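# Observations on the three-dimensional arrangement
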2 protein chains.
Amino acid sequence: MDQVRTIEIRQSVYANNDERARLLRGELRAQGIFLLNLMSSPGSGKTTTLTRTIEALKDELKIAVMEADIDSDVDAKTIAQTGVHAVQLHTGGMCHLDADMTRQGLDSLEEQNIDLAILENVGNLVCPAEFDTGASKNAMILSVPEGHDKPLKYPLIFQVCDVVLINKIDTMPVFDFDMEECRKNILMRNPNAKIIPISAKTGEGIQEWADWLREQVRLWKM
Amino acid sequence: MDQVRTIEIRQSVYANNDERARLLRGELRAQGIFLLNLMSSPGSGKTTTLTRTIEALKDELKIAVMEADIDSDVDAKTIAQTGVHAVQLHTGGMCHLDADMTRQGLDSLEEQNIDLAILENVGNLVCPAEFDTGASKNAMILSVPEGHDKPLKYPLIFQVCDVVLINKIDTMPVFDFDMEECRKNILMRNPNAKIIPISAKTGEGIQEWADWLREQVRLWKM
């Protein structure tokens, strides 16, 4: 179960990423595949959150995961242990995925009838936000140790995300993290953002997040 | 003291960044200005570490700081409160600084006879590592909450850094962080890396870091 396939992603040759992303999103909609693009800084807990998310939803939804990384396959191995189909995408040094690179990842999935495909993007708050991957929804994780001021410094990623998970809330006692200030900063960038505080470690908030995601998948398939 | 100048950095027109960086480094050497390029993920504690570093060295060295950010000037204001000269560099959405952008920053400094110029690069473990800024030395901060596996996932930044500060060691009790594993992972990427565990919050390890930096500045000026 801990043997995962690694796909070396080629750099895109397409200039018009927005158009490519729109096309991909349309095809996924027609096929009933919900694609979640999950972004965050390195070390914010994407893989642990994903493991919890899979545990909460895998009995109801057929899930596949694409782990994008510059190098290594540690995350894909961790995800494969949950029992869902996982592939490792190597970006060859690229700091983000665009729609065509995402399509290469989707094409490499060997499962059929997927309800929910999750792209764990490269850990980076800057570049991934600039490229529409064709995802149905964009999600990001901001973790408590990173600080509540991040929406001030990295505006775009907060603008493009439909949902912001605030992770590692179990560590709030040891950090000067102001949750209300954080909410205010996020909403200043994106008044429509759904904000869900979680702890992937303790499981707190995971139910609310899973409920939100399940509902999005249901709406996508309608 | 909390009014800081903001410089809008233009994108470089030079194709050969390595050559431009080499030129800049030579000029700085001739002028006796040591340029430190400080890189890390968002939220790893660059600004707090910088504040501590300035406190430790400002009586011996004339220091100036360039705060690169996509947006906001919160960091430059914090640094200006330490009493050293600080400018805010806005990268206009760019995820890194190259040598020419760094030169624009240096040209904007109004101080004379600077011993130590510090560039706080954009918070990002991927792109800044790809561009030589012309710095005398590269430093990075990896913080405990990010995890000891980061050298496996972001190889290049560990390869190009002369020193790795492992910050937030005061939070080790609440994270599954293995310091020995972390050292091993860093040295696998870069056997020459100097590794210094610190807590910018409590001050632990700052003396060792300040001693290392002081010695590098001394050697640069010889």
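Refer to the structure printed above.
Residues numbered from 1 in each chain as written. Chains lettered and ligands numbered in written order. Predicted model: local features only at pLDDT ≥ 70, side-chain atom pairs only at ≥ 80, totals over all residues. Heavy atoms only, no water.

### Some words on the relation of the copies chain B and chain A
Applicable threshold: Superposing the copies works by least squares over the C-alpha atoms of residues that have pLDDT at least 70 in both of them. Whether two residues are in contact is decided by their heavy atoms, any of which lying within 4.5 Å being enough.
Superposing chain B onto chain A takes a rotation of 180° combined with a translation of 0.0 Å along the rotation axis, leaving an RMSD of 0.0 Å. Taken together, the rotation and translation describe the operation of a two-fold axis. In terms of proximity to the rotation axis, the leading residue of chain B is Asn124(B), whose C-alpha is 3.0 Å off the axis. Interface residue correspondence from chain B to chain A reaches 100%, placing this contact among same-surface, isologous pairings.

### Overview of helix H7 (residues 179-189) of chain A
Residue and element names in this part refer to chain A. Stated precisely, the cut-off is as follows: For each residue, the accessible area found with a 1.4 Å probe, counting protein chains only, is set against the maximum for its type, and the residue is called buried under 20%, exposed over 50%, and partly exposed in between. Secondary structure elements follow DSSP: runs of H or I of four or more residues count as helices, runs of E of two or more count as strands, with numbering from the N terminus. In this description, one arc is meant: the one made by directions from the helix axis to the C-beta atoms. Counting of polar contacts relies on pairs of N or O atoms within 3.5 Å, with two restrictions inside protein: one atom must be capable of donating a hydrogen and the other of accepting it, and residues adjacent in sequence are counted only when both atoms are side-chain atoms.
Among all positions of H7, only Met179, Cys182, Asn185 and Ile186 are buried. What you see down the axis of H7 is that its buried residues fit within an arc of 125°, all on one side. In H7, the exposed positions that point more than 90 degrees away from the buried face belong to Glu180 and Lys184. The elements touched by buried residues of H7 are strand S6 (137-143), helix H5 (150-153), helix H6 (155-160), strand S7 (163-167) and strand S8 (194-197). Its side-chain oxygen at 3.1 Å from the backbone nitrogen of Glu180, Asp178 defines the N-terminal cap of H7.

### Points about the interface of chain B and chain A
Quick reminder of the rule: The term buried area refers to how much accessible surface (probe radius 1.4 Å) is lost by two components on association, counted for both of them together. We count a salt bridge whenever a side-chain nitrogen from Lys or Arg sits within 4 Å of a carboxyl oxygen from Asp or Glu. All residues other than Ala, Val, Leu, Ile, Met, Phe, Trp, Tyr, Cys, Pro, Asp, Glu, Lys and Arg, Gly among them, are scored as polar; the first ten of these are nonpolar and the last four charged.
The partner chain A presents 32 residues to the 32 residues of chain B that form the contact. Carbon and sulfur atoms make up 58% of the surface buried where chain B meets chain A, a total of about 2500 Å² over both sides. On the chain B side of the interface with chain A, the three residues burying the most area are Pro42(B), Lys153(B) and Tyr154(B), jointly 22% of the side's total. Our enumeration of links across chain B and chain A arrives at two salt bridges. Linking chain B with chain A are nine residue pairs in polar contact (both at pLDDT 80 or more). Of all the elements in the fold, those that place two or more residues in the side of chain B that touches chain A are helix H3 (74-80) and helix H5 (150-153) of chain B. Element by element, the count of residues in the side of chain B that touches chain A is highest for H5(B), at three residues. By residue class, the composition of the side of chain B that touches chain A is 14 nonpolar, seven polar and 11 charged.

### A few points about the sheet that holds strand S8 (residues 194-197) of chain B
Residues and elements named next belong to chain B. Put simply, the rule is: One requirement defines pairing of two strands: DSSP has to find at least two bridges between them. To get an axis, a line is fitted to the C-alpha atoms, and for a helix only the part in contact is used. The angle between two axes follows their N-to-C directions and goes from 0 to 180 degrees.
Pairing in this open sheet of eight strands is parallel, and the strands run S1-S4-S3-S5-S2-S6-S7-S8 from one edge to the other. Here the strands that pair on one side only, and so sit at the sheet edges, are strand S1 (5-8) and S8. Strand after strand, the sheet turns through a mean of 20° between neighbouring axes, direction not considered.

### Re the nonpolar core
Let me state the cut-off plainly: Joining through side-chain atoms within 4.5 Å is the link that ties buried Ala, Val, Leu, Ile, Met, Phe, Trp, Tyr and Cys residues into a set, and such a set is a nonpolar core.
Membership of the largest hydrophobic core comes to 90 residues, with the highest contact counts inside it found for Leu89(A), Ile157(A), Ile166(A), Leu89(B), Ile157(B) and Ile166(B). Sequence-distant contacts of Leu89(B), that is, excluding residues within four places in its chain, are made with Ile7(B), Ile9(B), Met66(B), Glu67(B), Ala68(B), Asp69(B), Leu97(B), Gly105(B), Ser108(B) and Leu119(B).

### Observations concerning the packing of aromatic side chains
Two descriptors summarise a pair of aromatic rings, namely the distance from one centre to the other and the angle between the planes of the rings. Spelled out, the test is: Working definition: a ring pair exists when centres of Phe, Tyr or Trp rings (six-membered ring for Trp) sit within 6.5 Å. Plane angles under 30 degrees give stacked, over 60 give edge-to-face, the rest tilted.
Taken as a whole and judged by the stated rule, the model has five aromatic pairs over all chains. Pairing Trp209(A) with Trp212(A) gives two aromatic rings, centres 5.8 Å apart and planes at 20°, and the pair type is stacked. Of this pair, Trp209(A) and Trp212(A) both sit in helix H8 (residues 206-220), separated by three residues, roughly a single helical turn. Trp212(A) shares its class with Trp209(A); the two are buried. Geometrically, the ring pair formed by Phe34(B) and Trp220(B) is edge-to-face, given 6.0 Å between the ring centres and 85° between the ring planes.

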